[in-house]
Each structure stands twice: as C-alpha cells, then as structure tokens.
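Spelled out from the first residue to the last, the chains are:
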Amino acid sequence: MSEDYELRFKASSINKSKMFKVREFNDKHTCPLKDKVYEQRQASISVIDGMIRSKLTNHKRKYTPNDIIYDAKSDFGVDVSYMLAWRAKKKAMNFLRGEPADSYNKLQGYLYTMDMKYLGSHIRMVSTLDGACHILPLVYGVINSENDVAWSWFFEQFKEAHGEMENMCIVSDRNENIIKYVSRVYQTVPHFACIWHLWNNIYKKFKKSHSKLSEIYFSMAKAYTQAEFDSLMEKVDIRVKEYLELAGYENWARLYAHVNRGWTMTSNIDESINAALVSARELPIYDFLEEVRKMFGR
C-alpha cells in the first residue's frame, strides 16, 4: 500500500464493552488506481471501467477491447479477458453517453430548438455540388431502416423543403426503393445511375481486362459527342455492350442524359459525407444529430 495513503479508521471500545467509539475517520481515497489493481490481479469491470473512461471521451478515437487488454497489461501488469474488456468498455460508454433511450427523450426539445434557430430546417440527407464544386448538403435524415415507408417519407420531406427545380436530376446507386419512390414523388425528374456503382456491377459480372475496360467505360460515360461515344463503344466486348444497353444509355452516359448532368456523375459526395460521419454513428442519437449540425454549419 502507498505510504501516502490517507484513508484511516480508528476506534476504541467503551469501558471494555462490546460497544466502540470512532475516534478518527478519514474517507479520502488517495491510493493510486494501479495500487488497487495490483492488490487484485484479476481486475474487476469497475476498475477497468474507471481506467478507460478518459480514453473514450473522444468519439473519433478507436479504442477496442484489444487496446484495453494491452493497456491493462502494459500499465498495470494485469491480464484482462476480452469479455471483461468489452463489458468494461460498455459500462464506461454508458456512463459517458447514457442509455440510448435517454438520448431519444431529448429529441423533442432539440428539434424544437432547431426549428426556432433555423426556421424551416430539416435533418435528412441529400447533397449536391455548389458552383465552386464544393459539397453542399441539402437535407439529412435519420430513419429506422431503409424500407418503403422511410423512403417515401424522406423524399416527400425533401420535396417539401426544396420543391422541384428546372434541370433537376437525381443520382443514386440504383437502389430499387430509391428508384421507386423518387419516381412517385418526382414524376418528371430524371433519375440517373451513379457511374461508379454501375462500374462495380460490371467489374463483378465481367472478369476480363478490368483496367482497360475501366478506362473505356468511364470515358464513354463522360463523353460529350456521339462520335467519341461510338468510337469507344466499338472497343467494348459484346457482352458488356449488351449489359450497358440494358442499363439504358440515358441512365449513365452524359451524352444521352435528358438534362445537363454537368459533373454530377456519381453519388460519391454522399459517400464522402457518410465517411466523415462514421465515428459519429456510434454516438447516441442526440449527440449524433449535434455532430451533423456542426459539420454542416462549417
């Protein structure tokens, strides 16, 4: 035990009876955490929980049970099982962030504040590029799952917020539900395929000469003239030609688009936002939405 340990409890019997009187009591714990651990080589969940809390305050930091096992061994010489480390992390996370249900209870007040400060604001997700080719988030939403009801609600809310504009188009990963509900809500707005997602399908379906085919495909997708497009198509295997024709030239080739797609050929801008929010997804819903608000407000 540490020489500086201040916790003391002194008592003496009263007139040699079985009753005792407390003479001195100091409940101040000054013993270092490592002293507690060394006393019990099999560290408890509570001890490890206290040890790791400070390392979990930043949600962007990846701190796994294996990291906890390593730190417990290197810092305190204690062997910790994976399950104990996992439970200790869960306990520490609950202490720092609270239960998920508690976070949902805060939403009503949070959304009211958002509506008061940012009139007409909505938190859902569609994004585009501005005139300087910078990512411009339009809306962001949180849904329980990617089902029919959720997609229908999402696009209806988007239309309510932004309406329908001239030369508007929608680019997605060809998700069937997105295609279905976009066509219902925006009946006259063209819906294009993300050329990167379409390429991934081609890559998986046709195994030969990927590097050469990739160059030809992306050049075709971005071609401005019929002569350039036809010249490139002549170099493509007949099976790939049939696949691209079945996908519909107007859905992926800029030349055949019904509106001017400009440089909006992929859904990568949404993927970029999703990547930036990967760590924030681990947060309770209230804190997650606040992270989104701060990121979009930069």
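What you see is a predicted model, and the numbers here were worked out from it, not measured in a lab. (Residues numbered from 1 in each chain as written. Predicted model: local features only at pLDDT ≥ 70, side-chain atom pairs only at ≥ 80, totals over all residues. Heavy atoms only, no water.)

Enquirer: What exactly am I supposed to notice about the overall build of the protein here?
Expert: A tally of helices and strands in the protein yields 15 helices and six strands. Looking at the 298 residues of the protein, the share that counts as buried comes to 35%. Contacts spanning at least 24 positions in sequence make up 53% of the contacts within the protein whose residues lie at least 6 apart. When the accessible surface of the protein is totalled, it reaches about 19200 Å², and 51% of it is carbon and sulfur. (Helix = DSSP H or I, 4+ residues; strand = E, 2+ residues; numbered from the N terminus. Buried < 20%, exposed > 50% of the residue type's maximum accessible area, 1.4 Å probe, protein only. Contact = heavy atoms within 4.5 Å. Areas by Shrake-Rupley, 256 points an atom, 1.4 Å probe, with all protein chains shown as cover.)

Enquirer: Explain the packing of aromatic side chains to me, please; I cannot follow it from the model alone.
Expert: For any two aromatic rings, the description comes down to two numbers: the centre-to-centre distance and the angle of the planes. Counted under the stated rule, the structure contains 14 aromatic pairs. Ring geometry for Trp199 against Tyr203: centres 6.1 Å apart, planes inclined by 65°, an arrangement best described as edge-to-face. Separated by four residues within a single helix, Trp199 and Tyr203 lie in helix α9 (residues 195-205), roughly one turn from each other. Looking at Trp199, the relative accessible area reads 5%, which means it is buried. Taking the relative accessible area as the measure of exposure, Tyr203 reaches 41% and is therefore partly exposed. (Phe/Tyr/Trp six-rings, centres within 6.5 Å; stacked < 30°, edge-to-face > 60°.)

Enquirer: Got a minute to help me understand the pattern of salt bridges in this structure?
Expert: Where charged atoms of side chains with opposite charge meet at close range, the side chains can pair. Applying the stated criterion to the full structure yields five salt bridges. The salt bridge partner of Lys73 is Asp79, with a shortest N-O separation of 3.0 Å. Classification of Lys73 as partly exposed rests on a relative accessible area of 43%. Classification of Asp79 as exposed rests on a relative accessible area of 51%. The salt bridge partner of Asp237 is Arg239, with a shortest N-O separation of 3.2 Å. (Salt bridge = Lys/Arg side-chain N within 4 Å of Asp/Glu carboxyl O.)

Enquirer: For this particular structure, what's the right way to read the nonpolar core?
Expert: If you look at soluble globular proteins, the nonpolar side chains tend to sit buried side by side. By size, the foremost hydrophobic cluster in this structure holds 23 residues, and its most contacted members are Ile202, Tyr217, Met220, Leu244 and Trp252. Within the residue set of this core, elements represented by two or more residues are α9, α10 (210-222), α11 (226-233), α12 (238-247) and α13 (249-252). With residues near it in sequence (within four places) discarded, Ile202 still touches Leu213, Tyr217, Val240, Tyr243 and Leu244. (Core = buried A, V, L, I, M, F, W, Y, C linked by side-chain atoms within 4.5 Å.)

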